Amino acid sequence: MNTICRKFAGCLAVAVATLLPATLPATASESVVPPSDGDLAAAVRVAGQPDAIGLARSNFRQVDHIEPERITMGEKGIPVYTLNPDFVRGVEGAPAGVLRSVAVTATADSGQKATLQAMPEGPGKWVAASVFSGNDEETLSARLKPGSVLLNEPQINGWYELGPGGVVLLQASLPQSPVGKFVALSDYQREVHGRYADKLPGSDYQRGGGIGFTQQAPPPADTGIPVAIVAGLITAGAAGVGVVLVAVWRRRRLTPR
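Residues numbered from 1 in each chain as written. Predicted model: local features only at pLDDT ≥ 70, side-chain atom pairs only at ≥ 80, totals over all residues. Heavy atoms only, no water.

Enquirer: Tell me about the pairing of strand β9 (residues 158-163), and please be specific about residues and values.
Expert: Where burial is concerned, most of β9 is hidden: six out of the six residues are buried. Side chains G158, Y160 and L162 project from β9 onto one buried face, and the interleaved W159, E161 and G163 project onto a second face that is buried too. Once strand β8 (residues 149-153) ends, the chain turns through four residues before running back antiparallel as β9, passing N157 with a positive phi of about 50°. Summarising the sheet, β9 and strand β10 (residues 166-171) pair through five bridges and their orientation is antiparallel. Counted as the bridge partner of G163 is G166 from β10. In this structure, the hairpin formed by β9 and β10 is closed by a connection of two residues, where G165 is found at a positive phi of approximately 90°. (Buried < 20%, exposed > 50% of the residue type's maximum accessible area, 1.4 Å probe, protein only. Helix = DSSP H or I, 4+ residues; strand = E, 2+ residues; numbered from the N terminus. Pairing = 2+ DSSP bridges.)

Enquirer: Quick rundown of the pairing of strand β7 (residues 126-133)? Include the residues and the values.
Expert: Taken across its eight residues, β7 has eight buried, putting it largely inside the fold. Pairing of strand β6 (residues 113-120) with β7 involves seven bridges; the strand directions are antiparallel. If you follow A114 over to β7, its bridge partner there is S133. Hairpin connection from β6 to β7: five residues lie between these consecutive antiparallel strands, with G122 at a positive phi of about 100°.

Enquirer: Kindly report on the pattern of salt bridges, identifying the contributing residues and their values.
Expert: In this structure the tally under the stated criterion is eight salt bridges. Here E67 ties to R61 by a salt bridge, and the two come within 2.8 Å at their closest N and O atoms. By relative accessible area, E67 is classed as partly exposed at 48%. E121 is paired through a salt bridge with K125; the nearest N and O atoms lie 3.6 Å apart. According to the relative accessible area criterion, K125 is partly exposed, its value standing at 47%. Look at the salt bridges and you will find they share partners, linking R57, R61 and E67 into a network. (Salt bridge = Lys/Arg side-chain N within 4 Å of Asp/Glu carboxyl O.)

Enquirer: Can you lay out the packing of aromatic side chains for me, pointing to particular residues and giving the numbers?
Expert: A complete count under the given rule lists two aromatic pairs for this structure. Taken together, the ring pairs connect F87, Y160 and Y188 into an aromatic cluster. (Phe/Tyr/Trp six-rings, centres within 6.5 Å; stacked < 30°, edge-to-face > 60°.)

Enquirer: Can you explain the nonpolar core? Please cite residues and give values.
Expert: Counting 21 residues, the largest nonpolar core has F60, I71, M73, V104, L116, W126 and A128 as the members making the most contacts within it. Within the residue set of this core, elements represented by two or more residues are α1 (37-47), α2 (50-64), β3 (71-73), β5 (97-108), β6 and β7. Per-element accounting of this core gives the leading share, five residues, to α1. Residues contacting L116, with those up to four places away along its chain left out, are A47, A52, M73, V102, A103, V104, A128, S130 and V131. (Core = buried A, V, L, I, M, F, W, Y, C linked by side-chain atoms within 4.5 Å. Contact = heavy atoms within 4.5 Å.)

Enquirer: Provide a residue-level description of the side chain of T115, including the pertinent values.
Expert: Looking at the element boundaries, T115 is found in strand β6. Accessibility expressed as a relative area gives 1% for T115, which makes it buried. At a separation of 2.7 Å, a polar atom in the side chain of T115 contacts the main-chain carbonyl oxygen of G134. (Polar contact = N/O pair within 3.5 Å; in protein donor to acceptor, adjacent residues only side chain to side chain.)

Enquirer: Talk me through the environment of L99; I want residue IDs and the actual numbers.
Expert: Topologically, L99 is positioned in strand β5. It is 8.9 Å that separates the C-alpha atoms of L99 and L151, two residues lying 52 residues apart in sequence. When residues no more than four places from it in sequence are discounted, the contact partners of L99 are V33, P35, P79, V80, Y81 and W126.

Enquirer: Got a sec to walk through the environment of V44? Specific residues and values, please.
Expert: Residue placement: V44 occurs in helix α1. Measuring from C-alpha to C-alpha, the distance between V44 and A128 comes to 9.7 Å, with 84 residues separating the pair along the chain.

Enquirer: Give a detailed account of α1, specifying residues and quantitative values.
Expert: If you check which residues of α1 are buried, you get A42, A43, V44, V46 and A47. In the core, the buried residues of α1 are packed alongside α2, β3, β5, β6 and β7.

Enquirer: Give a description of the confidence of the model for the protein chain that names residues and reports values.
Expert: Caution is warranted with low-pLDDT regions, since their predicted coordinates should not be read in detail. When pLDDT is averaged across the protein chain, the result is 77; 68% of the residues are at 70 or more. For the stretch residues 1-29, pLDDT sits under 50, and the model shows 120 contacts to residues farther than four places along the chain or on other chains. A low-confidence stretch, residues 211-251 (pLDDT under 50), is modelled with 101 contacts involving residues beyond four sequence positions or located in other chains. (pLDDT = per-residue confidence, 0-100.)

Take a look at the structure:
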């Protein structure tokens, strides 16, 4: 079973676009599509199945070097949204995020925690797809205001509170805006368009196989984050369309299914 380094950043989109960003239409929706209560319950049930617990056990073994006698799966499912490629493009009415997974915390009898990602696999069907070390999703979701959701910008491992009218950055490996600052939805769209619009599937950049990343701001001094980027492309998004990402150095580890 492969283990991928993944504790600060999830993924990092490749160079900042040099083209001027498009403007988000004034009628663009800020609403995301929430999972139904039935879907949340189904995802939590999947997390309690033997194969899902086996994934969690493998993660504890590989990352924490422990062999838990007992693993307790949480009873709460946390919807996790990811940056919507259509929002990046500036498609009218496109919400900022699309549902990516439901996160469920696994706790070893020794106290270590991991997060199982249950992902949709057809109408009403969920599958235990992967396990990450730590419980970032649970911790960050506890900071959300009522009516807000947890949005991930995987290219910078950025976690946002997505609420009415805008986003607030909660944490990121390569923050592109100050943590805790409210950014209006239209401004956020312009930012992500500028970062990723020319890196979407079908772009010359993707066809050329290019990877790399250029930050808009100079990196902080001696953060310990390597400049080199680990190759490896992955797509994210809805309906088979996603933003092109490249894996970067992380301290969080992923155990894939």
